Amino acid sequence: MTDQFADLGRILVIIPTYNEMENIRRITARVRAAVPEAEILVADDHSPDGTGRIADELAAADDHIHVMHRLGKEGLAAAYMAGFAWGLDAGFEVLVEMDADGSHQPEQLPAMLDALRNADLVLGSRWVPGGEVVNWPKSREFLSRGGNLYTRLALDVPLQDATGGYRVFRASTLHRLELDNVASQGYCFQVDMARRTVQSGMRVREVPITFVEREYGTSKMSGSIVREALWRVTVWGAQERAEKVRAAVGRRRAARSARRIAAGGR
Ligand SMILES: Nc1nc2c(ncn2[C@@H]2O[C@H](COP(=O)(O)OP(=O)(O)OP(=O)(O)O)[C@@H](O)[C@H]2O)c(=O)[nH]1
Ligand SMILES: [Mg+2]
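Remember, predicted model here, so these are calculated numbers, not experimental data.

**Student:** Pulling in residues and values, what's your account of the nonpolar core?
**Tutor:** If you look at the biggest cluster of nonpolar residues, it comprises 35 residues, and the most contacted ones within it are Val-13, Leu-109, Leu-113 and Val-168. Every element with two or more residues in this core is listed here: strand S1 (11-17), helix H1 (24-34), strand S2 (39-44), helix H2 (51-61), strand S4 (94-97) and helix H4 (109-116). Among the elements that take part in this core, H4 stands out by supplying five residues, more than any other. Each residue touching Val-13, except ones within four places of it in the same chain, is listed here: Val-31, Ala-38, Glu-39, Ile-40, Leu-41, Val-96, Met-98 and Leu-109. With 34 residues, the next largest nonpolar core counts Leu-12, Val-191, Ala-194 and Trp-236 among its residues.

Structure representation (structure tokens):
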């Protein structure tokens with residue numbers, strides 16, 4: 001089998017899980033088929049339904065599958081932070097975020113990896129031309145589109161889908177992002193990572209994906225995750241605007257004193 005992405009370096013797909021018993025076999029098999037050279041890290045938060053045990057069985061049968069057993073449910077962001085640390089430490093050059101529930105289709109990963117050749121971060125995007133959602137109630141679509149519009153306006157970040165969770169990072173991008181102080185839990189963590197990448201001048205590309213609503217298991221989305229996203233984005237936006245005003249005032253003062261010096265005064 002030829003290694004289609006050898007030029008990108010070693011690839012790790014991180015799959016956080018909490019009670020994904022019905023999904024874990026399916027999703028790992030699909031990743032293995034779609035990108036055979038990629039390795040997988042299942043980051044399980046001690047799922048009561050035994051997802052971690054099933055992942056152990058899969059890992060025992062396949063040296064491309066690894067499992068991280070975490071102590072308890074700490075949220076998606078914490079699982080990804082631990083997964084990133086593990087992957088960077090193990091020397092992977094490409095780190096992928098993917099949900100376990102089938103919403104992020106492994107078959108679309110090759111197109112995203114291809115886009116990484118000209119980017120530092122690739123976002124799987126539902127809201128660029130060619131992107132779509134399947135089986136989503138109108139209310140969820142409204143929430144996602146509205147959340148992204150609000151994020152664009154509040155943070156001045158030119159992304160159509162900054163809240164999505166299907167992503168491909170270069171290791172070098174994660175190294176530059178100072179992961180230690182990434183706060184927040186749900187969507188907000190995704191927004192924070194995307195805006196930091198844009199603001200540090202790195203290249204972010206959005207690739208259209210077909211997001212498929214989960215068929216098995218239950219969603220961990222909650223009102224508190226949405227509320228957290230809303231207030232954090234608002235606070236970040238206000239901070240950024242205040243900084244821009246401070247910078248503009250500073251520039252004006254500097255220009256004024258330069259003019260005074262040029263005129264011989266003080
Ligand atoms: N390790 C870990 N994984 C989690 C946690 N919460 C959610 N996940 C996983 O994160 C992924 C996304 O969670 P979902 O419940 O699908 O959340 P969502 O995709 O935002 O919501 P839906 O669209 O309703 O499915 C899934 O693979 C979950 O198992 C957590 O606290 N710890
Ligand atoms: Mg989901």
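**Student:** Hey, could you go over the pattern of salt bridges for me, with residue numbers and the actual values?
**Tutor:** Tallying each qualifying case throughout the model produces 19 salt bridges. Of the charged contacts in the structure, one is a salt bridge between Glu-39 and Arg-10, with a shortest N-O distance of 3.8 Å. Taken together, the positions of Glu-39 in strand S2 and Arg-10 in the segment before S1 put the pair 29 residues apart, joining distant regions of the chain. Looking at Glu-39, the relative accessible area reads 13%, which means it is buried. Three or more residues joined by partner-sharing salt bridges are found here, namely Asp-192, Arg-195, Arg-196 and Glu-240.

**Student:** Tell me about the packing of aromatic side chains, residues and numbers included.
**Tutor:** Applying the stated criterion to the full structure yields five aromatic pairs. Relative to Phe-169, the ring of Phe-84 has its centre 5.6 Å away and its plane inclined at 75°; by these criteria the two rings are edge-to-face. Of this pair, Phe-84 sits in helix H3 (residues 76-89) while Phe-169 sits in strand S7 (residues 167-170), and the two are 85 residues apart along the sequence. Across the pair, Phe-169 and Phe-84 agree in class, each one buried. Three or more aromatic residues joined by ring pairs make a cluster, and in this case those are Tyr-80, Phe-84, Phe-169 and Phe-189. Positioned over the ring face of Phe-92 is Arg-10, at 4.1 Å from the centre of the ring.

**Student:** Requested: an account of helix H8 (residues 223-262), with residues and values cited.
**Tutor:** Between the first and last C-alpha of H8 there are 59 Å, a value that for 40 residues agrees with the 58 Å anticipated at 1.5 Å per step. Taken as a whole, H8 has its buried residues at Ile-225, Glu-228, Ala-229, Arg-232, Val-233, Trp-236, Gly-237 and Glu-240. Phi turns positive, to about 90°, at Gly-264, one or two residues after H8.

**Student:** I'd like a rundown of H3, residues and numbers included.
**Tutor:** With 14 residues, H3 ought to run about 20 Å at 1.5 Å a step, and its terminal C-alpha atoms sit 20 Å apart, in line with that. Three or more residues of H3 are buried, namely Ala-77, Ala-79, Tyr-80, Met-81, Gly-83, Phe-84 and Gly-87. Directly after H3, the chain includes Gly-91, whose backbone phi takes a positive value near 85°.

**Student:** Let's hear about the packing of helix H5 (residues 138-155) against H8: which residues, and what values?
**Tutor:** With their axes 8 Å apart at the nearest point, H5 and H8 run at an angle of 15° to one another. With respect to H8, the axis of H5 lies roughly parallel. Once H5 is placed against H8, the crossing between them reads as left-handed. Side by side, H5 and H8 meet where Leu-143, Tyr-150, Thr-151, Ala-154 and Leu-155 of the first sit next to Val-226, Leu-230, Val-233, Thr-234, Trp-236, Gly-237, Glu-240 and Arg-241 of the second.

Parameters at a glance
- Residues numbered from 1 in each chain as written.
- Chains lettered and ligands numbered in written order.
- Predicted model: local features only at pLDDT ≥ 70, side-chain atom pairs only at ≥ 80, totals over all residues.
- Heavy atoms only, no water.
- Core = buried A, V, L, I, M, F, W, Y, C linked by side-chain atoms within 4.5 Å.
- Buried < 20%, exposed > 50% of the residue type's maximum accessible area, 1.4 Å probe, protein only.
- Helix = DSSP H or I, 4+ residues; strand = E, 2+ residues; numbered from the N terminus.
- Contact = heavy atoms within 4.5 Å.
- Salt bridge = Lys/Arg side-chain N within 4 Å of Asp/Glu carboxyl O.
- Phe/Tyr/Trp six-rings, centres within 6.5 Å; stacked < 30°, edge-to-face > 60°.
- Lys NZ or Arg CZ within 6 Å of the ring centre and 35° of its normal.
- Expected span 1.5 Å × (residues − 1).
- Axes fitted to C-alpha atoms, helices over the stretch in contact; angles between N-to-C directions.
- Parallel < 35°, antiparallel > 145°, perpendicular 65-115°, else oblique.
- Left-handed = near helix turned anticlockwise from the far one by under 90°.

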